Amino acid sequence: MTAATKVLSAHVPLPLADKVDQMAARLERSRGWIMKQALSAWIAQEEERDRLTQEALADVDAGHVIDHQAVQAWAESLGTDQPLPLPEVDQQGAFRLGAPV
């Protein structure tokens, strides 16, 4: 059984349309197949980006954050003879220094 479909159209710059046509020819696939693959990949990427954003916001709401000054001090120490350990957040949400790098 074939899934229901809907026709979508979009105006795209000619160079992008040419690339789609070139890809379709190279892969011996239709332009529509290329467009479905590209759209599916983009939607999956955006859904993952949203999931990660929501996860990060939940961490912030739970207090699982690292102090900006601690991160800045760690970053500035990376080019020195004695770099600081990577700052971490423990399971209770408190800041602590991690293992030495």
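Residues numbered from 1 in each chain as written. Predicted model: local features only at pLDDT ≥ 70, side-chain atom pairs only at ≥ 80, totals over all residues. Heavy atoms only, no water.

## Thoughts on the packing of aromatic side chains
Keep this limit in mind: For Phe, Tyr and Trp, where Trp contributes only its six-membered ring, two rings pair if their centres lie within 6.5 Å, and the inter-plane angle classes them as stacked under 30 degrees, edge-to-face over 60, or tilted in between. Counted as over-ring charges are cases with an Arg CZ or a Lys NZ within 6 Å of the ring centre that also lie within 35 degrees of the ring normal.
Going through the model one piece at a time under the given rule, you end up with zero aromatic pairs. Above the ring of Trp 33, the side-chain terminus of Arg 29 is found at 4.2 Å from the ring centroid.

## Let's talk about the packing of helix α1 (residues 14-27) against helix α2 (residues 31-61)
Convention followed: Convention adopted: a line fitted to C-alpha atoms gives each axis, helices being fitted over their contacting stretch, and angles between N-to-C directions are expressed from 0 to 180 degrees. Under the DSSP-based scheme used, a helix requires at least four consecutive residues in state H or I and a strand at least two consecutive residues in state E, with every element numbered from the N terminus. If an angle is under 35 degrees, it is roughly parallel; if it is over 145, roughly antiparallel; if it lies from 65 to 115, roughly perpendicular; otherwise it is oblique. Between two residues, a contact is recorded if the distance between any of their heavy atoms is within 4.5 Å. Residues are sorted three ways: Asp, Glu, Lys and Arg are charged, Ala, Val, Leu, Ile, Met, Phe, Trp, Tyr, Cys and Pro are nonpolar, and all the rest, Gly among them, are polar.
Running from N to C, α1 and α2 point in directions that differ by 110°, and their axes come no closer than 9 Å. One finds that α1 runs roughly perpendicular with respect to α2. Packed against α1, whose contacting residues are Val 20, Asp 21, Met 23, Ala 24 and Leu 27, the element α2 presents Arg 31, Trp 33, Ile 34 and Met 35 at the interface. When its residues are assigned to classes, the contact of α1 with α2 shows seven nonpolar, no polar and two charged.

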